[in-house]
Amino acid sequence: MKRRSTSSDAPAAPLRRKRVAAEAARLLAGEGGDPLQARQRAARRLGISDPASLPGRAEILEALDAHRRLFGGSDAGRLRRLREAALEAMAFFAAFDPRLAGPVLDGSAGPGAAVQLHLHADDPDAVARLLADRAAPARQASRRLLLADGQPANVPCWELVADGLPFELWVLPAQAARHAPRDPLGEGALPRAGRAAVERLLAGDGP
């Protein structure tokens, strides 16, 4: 039976954080997903539940970078294609003040990773109408996140494939364009990028 960690053995927490980060990186490299899902799965596999033993976004991405340097598996060409597609889509959805988020932004995108765009509108049906007007075959779903004020929210999400690439269009309240949702992998705001920042990424000048 796997041992459950507790806050009473805090000195061991840094080592466990590294173990969880390494396992999450292995999952991301092999199966895709996003860092939060990978961290959850890694922690379950290792029998670790102590919050102090769960790595943040930067630690997981650092471990993923080390894993790829050691074992390969990074597909820079596909990541660039996804970012280029994101930039085109952001131009199309410019009226909704789009932001790129998720694995395509932070570089953790694995096999099958979707371009995650946050669109902003007080009338979420406006996005649905635009998709219908363009006869875009999209499936409606929902996603859960924490808004900037800490309140949980279920937001509409449209899933579709364009030019052979998967997209997720999250529809957030208009004010979320200025006040990003909270990062579920740590304190502070969820990393997101506007069009200019994505252009810098593609030019090689981004983070």
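Overview of the structure. The structure presented is a predicted model; accordingly, all values stated were derived computationally and were not measured.

## Here we look at the packing of helix α1 (residues 13–31) against helix α2 (residues 35–46)
- Contact geometry for α1 and α2: axes closest at 8 Å, N-to-C directions at 120 degrees. Taken together, the axis directions place α1 and α2 in an arrangement best described as oblique. Along this stretch, α1 crosses α2, giving a crossing that reads as right-handed. Residues Arg19, Val20, Glu23, Ala24, Arg26, Leu27, Leu28 and Glu31 of α1 form the contact with α2, whose participating residues are Pro35, Ala38, Arg39, Arg41, Ala42, Ala43, Arg45 and Leu46.
- For the contact of α1 with α2, a count of residues per class yields 9 nonpolar, no polar and 7 charged.

## Details of helix α4 (residues 76–92)
- Between its terminal C-alpha atoms α4 stretches 24 Å, which fits the 24 Å expected from 17 residues at 1.5 Å a residue.
- Listing the buried residues of α4 in full gives Leu79, Leu82, Arg83, Ala85, Ala86, Leu87, Ala89 and Met90.
- Residues of α4 that are buried sit in contact with β1 (99–101), α5 (103–106), β2 (115–120), β5 (165–172) and α7 (195–203).

## Things to note about the pattern of salt bridges
- Under the defined criterion, the tally for this structure stands at 14 salt bridges.
- A salt bridge links Arg69 to Asp65; the shortest N-O distance between them is 2.2 Å. Taken together, the residues Arg69 and Asp65, both in helix α3 (residues 57–71) and 4 residues apart, mark about one turn of the helix.
- Taking the shortest distance from any N to any O, the salt bridge between Glu159 and Arg143 comes out at 2.6 Å. Taken together, the residues Glu159 in strand β4 (residues 152–162) and Arg143 in strand β3 (residues 139–146) connect sequence positions 16 residues apart.
- Judged by its relative accessible area of 18%, Glu159 falls in the buried class.
- Several salt bridges share partner residues, and in doing so they unite Arg139, Arg143, Glu159 and Glu168 into one network.

## So, the environment of Leu130
- Residue position: Leu130 is located in helix α6 (residues 125–133).
- For Leu130 and Phe93, which are 37 residues apart along the polypeptide, the C-alpha to C-alpha distance reads 9.1 Å.
- Excluding its chain neighbours within four sequence positions, the residues that come into contact with Leu130 are Phe92, Phe93 and Phe96.

What counts as what
- The numbers attached to residues start from 1 for each chain and follow its sequence in the written order.
- Only residues with pLDDT of 70 or above have their local features reported here, since the model is predicted, and side-chain atom pairs are shown and tallied only from 80 upward, although totals for entire chains, interfaces and linings are computed over all residues.
- The basis for every side-chain value is the complete set of heavy atoms in the structure, and neither hydrogens nor water enter the calculation.
- The axes used here are C-alpha line fits, helices contributing only the stretch in contact, and every angle between their N-to-C directions lies in the interval 0 to 180 degrees.
- Numbering of helices and strands runs from the N terminus; a helix is a DSSP stretch of H or I covering at least four residues, while a strand is a stretch of E covering at least two.
- For classification purposes, an angle smaller than 35 degrees is called roughly parallel, one larger than 145 roughly antiparallel, one from 65 to 115 roughly perpendicular, and anything else oblique.
- Handedness of a helix crossing follows the sense of rotation of the near helix relative to the far helix, less than a right angle counterclockwise being left-handed and clockwise being right-handed.
- Contacts: residue pairs with any heavy atoms within 4.5 Å of one another.
- When residues are sorted by character, Ala, Val, Leu, Ile, Met, Phe, Trp, Tyr, Cys and Pro go into the nonpolar class, Asp, Glu, Lys and Arg into the charged class, and all the rest, Gly among them, into the polar class.
- Here the expected length of a helix is defined as 1.5 Å per residue gap, with one fewer gap than residues.
- When a residue's accessible area, from a 1.4 Å probe over protein chains only, is under 20% of the maximum for its type it is buried; when over 50% it is exposed; and in between it is partly exposed.
- Salt bridge, as applied in this entry: a Lys or Arg side-chain nitrogen positioned within 4 Å of an Asp or Glu carboxyl oxygen.

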